[in-house]
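Residue-level structural notes
What follows is each chain in one-letter form.
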Amino acid sequence: MALSAKDKATVWQTLNDTRGKIEPSEYKNYVFGVMFYKFLSEKAQKWIDGMLGADESWTEVWADDAESAASEMKSELGYAIKPGEMFEDWQKAIDTGEFNIMKVSDSINHFNQSIAENAKSVFGGIFDDMDLTSSRLGSNAATRTSTMMDWINMISKIENDDSTDVLGDLYEYLIGMFAANSGAKAGEFYTPHQVSDIMARILTEGRENLDDYSLYDPALGSGSLLLTTASYVKSGKVSYYGQEVITTTFNLARMNLLMHGVPFYNVHIKNGDTLEDDWPDGSVNGIDSPRMFDAVMANPPYSLKWDNTGREDDPRFRAGVAPKSKADYAFLLHGLYHLKQNGRMAIVLPHGVLFRGAAEGKIRELLLKERHIKTIIGLPEKIFTNTGIPTIIMVLEKNRESDDVLFIDASKGFEKQKNSNKLRQEDIDKIITTALERQDVDKYAHVASMQEIIDNDYNLNIPRYVDTFEEEVPVDAKALLSDMREINKEEAKLTAEINQMMEELVGTNPDAQETLDLLKQVLK
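Residues numbered from 1 in each chain as written. Predicted model: local features only at pLDDT ≥ 70, side-chain atom pairs only at ≥ 80, totals over all residues. Heavy atoms only, no water.

**Considering the overall build of the protein**
Put simply, the rule reads: By definition, any uninterrupted DSSP run of H or I lasting at least four residues is a helix, any uninterrupted run of E lasting at least two residues is a strand, and each is numbered from the N terminus. The globule rule used for comparison is 2.2 Å times the number of residues to the exponent 0.38, while the radius of gyration itself is calculated over C-alpha atoms. A 1.4 Å probe rolled over the protein chains alone gives each residue an accessible area, and that area as a share of the maximum for its type sets the label: buried under 20%, exposed over 50%, partly exposed in between. Contact definition: two residues touch when any of their heavy atoms are within 4.5 Å. To be clear on the numbers: accessible area is Shrake-Rupley with a 1.4 Å probe, and residue cover counts the displayed protein chains and nothing else. Within this scheme the basic residues Lys and Arg register as positive and the acidic residues Asp and Glu register as negative, but His and the chain ends are omitted. Charged side chains are reduced to one point each, which is NZ for Lys, CZ for Arg, CG for Asp and CD for Glu.
In terms of helices and strands, the protein carries 19 helices and 13 strands. Over its C-alpha trace the protein gives a radius of gyration of 31 Å, far above what one expects of a compact globule, namely 24 Å for 524 residues. For the protein, the residues scored as buried account for 48% of the 524 residues in total. Of the contacts made within the protein by residues no fewer than 6 positions apart, 73% connect residues no fewer than 24 positions apart. Accessible surface computed for the protein: about 25,800 Å², of which carbon and sulfur atoms make up 49%. Of note, the protein has its 56 positive side-chain charges centred 4 Å away from the centre of its 85 negative side-chain charges.

As structure tokens, this is what we get:
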């Protein structure tokens, strides 16, 4: 059974109670590491249960031929865990008073040594952000052991089962909570599910039953965009590709994908700089050989500074080189370059890409002339954890027959929360329906012809195309004057009553009487 909202909130509260002096941005590395090891252990145990005979034990099989036992598990799972080093063994050691933090350290070291060759890019170094010697866990081994025991005890209470994705669901929930509580910069890794859902449904509409579907996110973050998009693919194999420059976030994404049941051999993600190095594939032996995808999705860091020196010959930036102060169009062009001829792309960007001039204006003009830009959706402000600025989703295709552009102004459809705004399901559904039907909706959406766009000098600022101005209701002058007369009458009546009461007051000494006389003059 999936965890309820109350259960998730309880886990979050417990995590905060056991966090101590560790900042949320660092604390998540330990919590997710323990959760992930539990996931790997349960997956390994399930494989063992299916492989062993009735009278066999994993300990005996390992003792008989450790190399063969490890090899069999690695060929199926991509890794091996030796007897006595499962997550449940950690818990048993706690229950019997034999636990020491070195047990966790040894288990992880042995895990790192037991990764299959073809799974090293998926599992290699995945626990490196768990520094078990850090003084933040405690000043000595005993206090660090105690801290680790608290976390293991808490994670032990989460029961997984085959019918639901409990750990994966909780992991996704906690990613959002850590993003919301880790400060603006630390929250960059997370795209709210509401935004992911809009992008995923647009990308997969009519293509849910493809036999072989490839997804690519060049600014991977937590991997939630890939997972949400894949959730709408109903059949066939899905391949997950992505690149992330921040190592900690790269580890976060790997865990997220695997804990949602993605087989390790379908995970193809890299820790690297997307703009610096074209990946996947790119130039092979001096020949440009880019890998193409059915869908490309991204929520890159906004207006990032980058080194644009010598990029003129990079085939990704054929439409132009983005300015060094703003890499928004560099991410867009990289994604579009890796899109199949019949693929779709959706990218979150700041509004500035719609109207900024110079190099960005020339790139935008070329993209329009080549019919790549299909839809622009203006989102409300304050819906991301790392910024309060309003953003857009731009939808692109490589081969469109039409050159029109659909503009949707969804900036006013949201639910206001304490420090942020949230898209409601009705807001999401309205955006999706409008994007797919591609028809004008009064005060909300407009399909602009290329001539309209040319008349606006290729400026795509949404208010130029969607008029959301609401006329104010005419003032009833007679009713207003009548109200003013009644107010004046009431004011005169109340003033007279106050003055009468003031005349009846007498000061108890000369100073008080003088103050009272001054007050009477003011009120007259």
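**Here's the deal with the sheet that holds strand S3 (residues 267-271)**
Note: strands within a sheet are paired through backbone hydrogen bonds, in either parallel or antiparallel orientation. Put simply, the test is: For two strands to be treated as a pair, DSSP must find at least two bridges joining them. In this description, a line fitted to the C-alpha atoms serves as the axis of each element, helices being fitted only across the stretch in contact, and the angle between N-to-C directions of two axes falls anywhere from 0 to 180 degrees.
An order of S3-S2-S1-S6-S7-S9-S8-S10-S13 is seen for the nine strands of this open sheet, with the pairing classed as mixed. The open sheet is flanked by S3 and strand S13 (445-448), the only strands paired with a single partner. If you compare each strand with its neighbour and ignore which way they point, the axes differ by 10° on average. Note that strand S8 (residues 373-378) and strand S9 (residues 391-397) share five bridges and pair antiparallel. Paired with isoleucine 376 across the bridge in S9 is methionine 394. Sitting on the sheet, helix H14 (residues 328-337) is in contact with strand S1 (212-217), strand S6 (293-298), strand S7 (339-350) and S9, with an inclination near 160° to S7. Lying on the sheet, helix H16 (residues 425-437) is in contact with S8, strand S10 (405-409) and S13; it crosses S10 at an angle near 165°.

**Here we look at helix H18 (residues 477-503)**
Cut-off, in case you're wondering: An expected span of 1.5 Å times one less than the residue number is assigned to each helix. Pairs of N or O atoms within 3.5 Å make up the polar contacts considered here, provided that, within protein, one atom can donate a hydrogen while the other can accept it, and that residues adjacent in sequence are counted only when both atoms are side-chain atoms.
Taking 1.5 Å per residue, 27 residues should reach 39 Å; H18 reaches 39 Å between its end C-alpha atoms and fits that length. By the N-cap criterion, in which a side-chain oxygen at the helix start approaches the backbone nitrogen of a residue two or three places on, H18 is capped by aspartate 476, the distance to lysine 478 being 3.3 Å.

**With respect to the side chain of arginine 400**
Locating arginine 400 in the fold gives a position in the loop between S9 and S10. Arginine 400 gets classed as buried once you look at its relative accessible area, which sits at 11%. A distance of 2.9 Å separates a polar side-chain atom of arginine 400 from the backbone oxygen of isoleucine 373. There is a polar contact of 3.5 Å between the side chain of arginine 400 and the backbone oxygen of serine 402.

Keep in mind these values describe shape, not function.
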